[in-house]
Amino acid sequence: MYGDRVKILVVEDEPRMARMLQRGLTEEGHQVDVCQNGEAALRQAVDVAYDAIVLDWGQPDVDGVTVVRELRARHLVTPVLMLTARGATGEKVTGLRAGADDYLVKPFDFDELLARLEALRRRGAAPLPERTLGDVRLDPRRRTLTCGSLDVTLTARELALFEELSSQQGDAVSRTRLLNRVWGADFDGTGNVVDVYVGYVRTKLERIKSARVSIEAVRGVGYRLVVT
Ligand code: CA
């Protein structure tokens, strides 16, 4: 990998900090793009294949935690190094739980940022494993569900919902948790969107004629994935 030009996305709204990061990383031979808000970062990170993302927590619109959660919900596995002015353990845990790979508190030593980025890049993105649930094969990379000779493609949101339900191994998952994990904590719609998307996924399971995988409503709670 040495000698390759590494593509890094810097997400930082403060011009001075953004310039410092861009200059420093460019001097190291990296190719650097800068986004000045969370919305732009979400678009850019999905459109361009970056090797790493340096993401500041505080953004004027969508905060860094929401950005990282959205990226992971879309099954984008680019390593994310989160920057923050807040040093509290709670904030760090929130960032890492949302899907950030590492965390650096401002003000930081630029050499430390470089070392952390290099470590993240070496570690690389964890491959999303294919797996079998009952008579259904899930391929997260291709976003497909296969049963026998039939297959369907899920949207990124449907896949995130299916993954969240399947990660709980048959236990009920609340609507609140599904909203938080699949739509993001700042989503301002209602829990009905969960029902609508469960409907979409059920239709797709019917289309591949799975006899062993279904999504069951759990009264007063939410849903669970049943595999027999
Ligand atoms: Ca900021």
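Scoring rules and cut-offs
Residues numbered from 1 in each chain as written. Predicted model: local features only at pLDDT ≥ 70, side-chain atom pairs only at ≥ 80, totals over all residues. Heavy atoms only, no water. Domains from an automatic or database assignment. Buried area = accessible area lost by both parts, 1.4 Å probe. Salt bridge = Lys/Arg side-chain N within 4 Å of Asp/Glu carboxyl O. Polar contact = N/O pair within 3.5 Å; in protein donor to acceptor, adjacent residues only side chain to side chain. Nonpolar A, V, L, I, M, F, W, Y, C, P; charged D, E, K, R; others polar. Buried < 20%, exposed > 50% of the residue type's maximum accessible area, 1.4 Å probe, protein only. Helix = DSSP H or I, 4+ residues; strand = E, 2+ residues; numbered from the N terminus. Arc of directions from axis to C-beta. Pairing = 2+ DSSP bridges.

**Q** Even after reading the chapter, I still don't get the domain arrangement of the protein, so can you show me in this structure?
**A** Accessible area lost when the parts come together is the quantity often used to give the size of an interface. Split into domains, the protein comes out as domain 1 (7-123) and domain 2 (131-227). In this structure, domain 1 and domain 2 have C-alpha centres spaced 29 Å apart. Between domain 1 and domain 2 lies a buried interface of about 640 Å² when both sides are counted; carbon and sulfur atoms form 50% of it. Three residues stand out in domain 1 for area buried against domain 2, namely Arg69, Ala73 and His75, and they jointly supply 63% of the buried area on that side. In this assembly, domain 1 and domain 2 are joined by 0 salt bridges. Between the two partners, domain 1 and domain 2, sit 0 residue pairs in polar contact (both at pLDDT 80 or more). Split by residue class, the side of domain 1 that touches domain 2 holds 1 nonpolar, 2 polar and 4 charged.

**Q** Which parts of the structure should I look at to understand helix 7 (residues 175-183)?
**A** Think of an α-helix as 3.6 residues a turn; residues three or four steps apart then line up on the same face. Looking at helix 7, one finds that the buried residues are Leu178, Leu179, Val182 and Trp183. Along the axis of helix 7, the buried residues cluster in a sector spanning 100°; they form a single face.

**Q** I would appreciate a short explanation of the pairing of strand 9 (residues 150-153) in the present structure.
**A** The side chains of a regular strand alternate, residue by residue, between the two faces of the sheet. Here strand 8 (residues 144-147) runs beside strand 9; their pairing, made up of 4 bridges, is antiparallel. Its bridge partner being in strand 9, Cys147 is matched across the sheet by Leu150. Counted between consecutive antiparallel strands, the loop separating strand 8 from strand 9 contains 2 residues, among which Gly148 sits at a positive phi close to 60°.

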